[in-house]
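# Coordinate analysis (summary)
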Amino acid sequence: MVPVVDNLGMRAADRHTIEELGLPSLVLMEQAAAAVNAAVEERCESTDLVVVLCGRGNNGGDGLAMARQRHASGGLVEAVLVADPGELSQDAAVQWELAGRFGVPRRVLTEEGLPALEELLTKAAVVVDALYGTGLDRALSGLPAQVVELINTVEGEVVAVDIPSGLSGNSGVLLGPAVEADLTVTFGALKWVHVLSPAALCCGDVVVADIGIPQAAVEKVASGFVLEDQDVADFLPHRAPDAHKGHFGHLLLVAGRRGRAGAAALAAKAGVRGGAGLVTVATAVDAVSPIQAQVPEAMVDPLPTGEDGSVSGEGIEESLGKATAVAVGPGLGLGEGPRRLLSRILELWSGPLVLDADALTLLAGQLEKLKGRTAPTVLTPHPGELARLLGVTSAQVQEDRPAWARKAAELCGGTVVLKGFHTLVAEAEGPLWINPTGSPGLASGGAGDVLTGLIGSFLAQGLPAKQAAALGVFLHGRAAELAGKRFPGAVPASVVARMIPRAEAELRELVW
Ligand SMILES: NC(=O)C1=CN([C@@H]2O[C@H](COP(=O)(O)OP(=O)(O)OC[C@H]3O[C@@H](n4cnc5c(N)ncnc54)[C@H](O)[C@@H]3O)[C@@H](O)[C@H]2O)[C@@H](O)CC1
Ligand SMILES: [K+]
């Protein structure tokens with residue numbers, strides 16, 4: 001897993017390395033500069049002009065050191081200080097002084113110098129953005145903001161040092177003007193800005209450079225981890241050669257109504273493909289035949305049905321009796337019948353549970369109803385559903401996805417899967433997990449139903465909640481990526497479901 005830190009965490013790891021372990025900050029800076037210089041050298045010849053824009057803090061110091069290194073090795077470079085030389089941080093002041101002594105071409109930018117800078121930037125093969133890093137604490141304005149606007153018009157490649165200037169290391173929010181980089185070279189660990197949208201989209205490719213901060217120090221302060229193939233491969237349920245279907249559990253999907261059999265069928269397909277030994281769908285009468293026609297592997301239990309074509313709320317006992325995990329929600333409906341049925345399930349069912357779609361809407365504002373559950377409980381909201389659960393707006397959720405996902409997990413005591421770009425898996429305690437797989441093609445009807453069936457399938461097979469959720473979102477995203485090779489636009493959810501075994505096969509190759 002790849003650790004993700006916030007600004008405070010990074011500062012703590014820096015401080016530990018410098019003050020307790022005694023590695024001088026200028027050594028870290030030199031290593032940071034070398035990593036940026038190496039990335040720049042990969043992108044241009046030594047005869048190509050590189051313009052390095054430097055701010056007043058240590059991010060600017062990194063830039064000045066990088067400019068000196070390039071100049072010393074014979075590369076063409078010019079450093080532009082977007083600050084008063086008298087107000088530089090201690091280490092940046094050292095770098096400014098060194099740049100002077102090494103003869104690095106350098107200038108101090110003033111308002112009047114903007115046209116000349118614009119001219120200089122047109123000649124640059126690479127522009128290095130070393131204006132602000134983790135120390136940025138408000139939106140950019142004035143001269144730095146104007147420089148950022150200029151950087152975003154250049155033809156050359158833009159390499160950001162640590163964080164594209166204008167963005168906060170802690171968040172995915174666009175505070176104001178921000179550099180749009182082709183590459184970001186960050187140090188020691190990923191910051192939240194590199195993984196949360198929309199800010200992450202300003203980072204371009206992201207490289208984490210080792211500058212001497214011990215990995216153990218970083219992991220200690222990490223508030224999130226990006227899942228890697230090997231991590232989730234290790235979660236895959238073991239399939240012994242002498243296994244029979246009884247070993248892989250029985251998933252009960254409570255889903256579908258008249259006109260919404262498709263949602264239940266998609267979840268059931270994913271349940272089967274995820275490896276559950278048996279899958280039963282308990283559904284409204286009118287949905288029975290379509291589900292059976294589409295998913296012959298699944299059993300279907302018809303439930304008492306109301307005039308509106310959705311379940312009327314009774315008769316779930318027998319279906320629950322054979323389940324090892326239950327998933328409720330896709331296509332279920334929002335009327336009194338589905339509401340009664342959900343209450344009944346929460347009352348009777350004490351085993352592993354997934355709640356999605358309509359089940360989440362029916363639970364709006366009542367997350368604490370789940371608090372008493374001791375078995376794995378996974379909620380799979382998109383931002384709108386999470387907002388309704390918490391009584392806030394989707395915009396608020398999107399502004400701080402990690403915090404709201406965590407808040408919901410605290411309120412319900414379960415595992416919250418907040419869907420979207422880089423889906424998050426949150427529990428009340430412990431670091432968040434960030435899913436790197438997926439594609440914009442998943443933004444299509446039915447994709448969520450597939451995910452519900454998949455996570456339910458892994459719960460039925462006995463996985464703990466956080467692992468079932470992580471394996472589900474990872475495989476679901478990978479399946480969509482595979483499907484995207486043939487469906488460049490929206491990927492039909494049934495194709496995502498079809499690709500699950502192929503995605504799983506890739507992961508199984510990593511398991512001994
Ligand atoms: N601490 C360390 O040991 C290391 C730090 N490194 C670099 O240092 C950076 C952090 O350095 P700093 O903490 O000095 O922070 P920055 O270089 O990001 O800048 C902080 C300065 O900018 C000012 N400022 C903040 N927001 C502003 C705004 N919107 N408009 C105008 N001025 C603003 C602050 O008051 C402060 O003076 C990292 O991103 C990284 O690039 C690296 O050299 C590696 C080692
Ligand atoms: K920067």
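Thresholds, definitions, all that
- Residues numbered from 1 in each chain as written.
- Chains lettered and ligands numbered in written order.
- Predicted model: local features only at pLDDT ≥ 70, side-chain atom pairs only at ≥ 80, totals over all residues.
- Heavy atoms only, no water.
- 1 Å grid on protein atoms, 1.4 Å probe; cavity = no way out; pocket = protein on both sides within 12 Å on 5 of 7 lines; lining within 4 Å.
- Points joined across faces, edges and corners; volume = space filled by probe spheres on them.
- Helix = DSSP H or I, 4+ residues; strand = E, 2+ residues; numbered from the N terminus.
- Axes fitted to C-alpha atoms, helices over the stretch in contact; angles between N-to-C directions.
- Parallel < 35°, antiparallel > 145°, perpendicular 65-115°, else oblique.
- Contact = heavy atoms within 4.5 Å.
- Nonpolar A, V, L, I, M, F, W, Y, C, P; charged D, E, K, R; others polar.
- Core = buried A, V, L, I, M, F, W, Y, C linked by side-chain atoms within 4.5 Å.
- Buried < 20%, exposed > 50% of the residue type's maximum accessible area, 1.4 Å probe, protein only.
- Domains from an automatic or database assignment.
- UniProt positions renumbered as here; feature names shortened; annotations may be inferred.

Going by what an unreviewed UniProt entry lists, the protein is known as Bifunctional NAD(P)H-hydrate repair enzyme and is assigned to Thermoanaerobaculum aquaticum.

## Some details on the layout of surface pockets
Where empty space is left can be seen by rolling a probe of water-molecule size over the atoms. Space inside the largest pocket adds up to approximately 1100 Å³. In terms of lining residues, the largest pocket is bounded by 42 residues, among which Gly57, Asn58, Asn59, Gly133 and Gly135 are the most central. Breaking the lining of the largest pocket down by element, the ones donating at least two residues are helix 1 (7-20), helix 2 (25-43), helix 3 (58-72), helix 4 (90-101) and helix 6 (142-151). Of the residues forming the lining of the largest pocket, the biggest block, 6 residues, is contributed by helix 1.

## Section: the packing of helix 18 (residues 465-484) against helix 19 (residues 493-508)
At a minimum axis separation of 7 Å, helix 18 and helix 19 run at an interaxial angle of 110 degrees. Between helix 18 and helix 19, the angle is such that the two are roughly perpendicular. The residues of helix 19 that touch helix 18, namely those facing Leu471, Phe474, Leu475, His476, Arg478, Ala479, Ala480, Leu482 and Ala483, are Val495, Val496, Met499, Ile500, Arg502, Ala503, Glu504, Glu506 and Leu507. Here the residues of the contact of helix 18 with helix 19 sort into 13 nonpolar, 1 polar and 4 charged.

## A few points about the nonpolar core
If you look at the biggest cluster of nonpolar residues, it comprises 104 residues, and the most contacted ones within it are Val36, Val40, Val50, Val128, Val185 and Leu471. The element best represented in this core is helix 18, accounting for 12 residues. Two domains each put at least three residues into this core: domain 1 (2-223) and domain 2 (229-508). The residues contacting Val185, other than those within four sequence positions of it, are Ala35, Val36, Ala39, Val159, Ala160, Val161, Asp162, Val207 and Ala209. Counting residues in each nonpolar core, the second largest holds 47 residues, with Val4, Ala323, Ala405 and Cys412 among its members.

## Re the UniProt feature "binding site: AMP" (unreviewed entry) in the protein
As recorded in UniProt, the sites labelled "binding site: AMP" (unreviewed entry) are Lys419, Gly420, Phe421, His422, Thr423 and Gly448. A maximum C-alpha distance of 14.4 Å among these annotated residues, which run over 30 residues, shows that they cluster at one spot. Of the residues annotated just before, the second largest pocket has Lys419, Gly420, Phe421, His422, Thr423 and Gly448 among its lining. Along the chain, Lys419 turns up in the loop between strand 17 (415-418) and strand 18 (424-426). In contact with Lys419, not counting residues within four places along its chain, are Asp356, Thr380, Pro381, His382, Pro383, Arg401, Gly448 and Leu451. Tracing the backbone through its elements, the reader meets Gly448 in helix 17 (residues 447-460).

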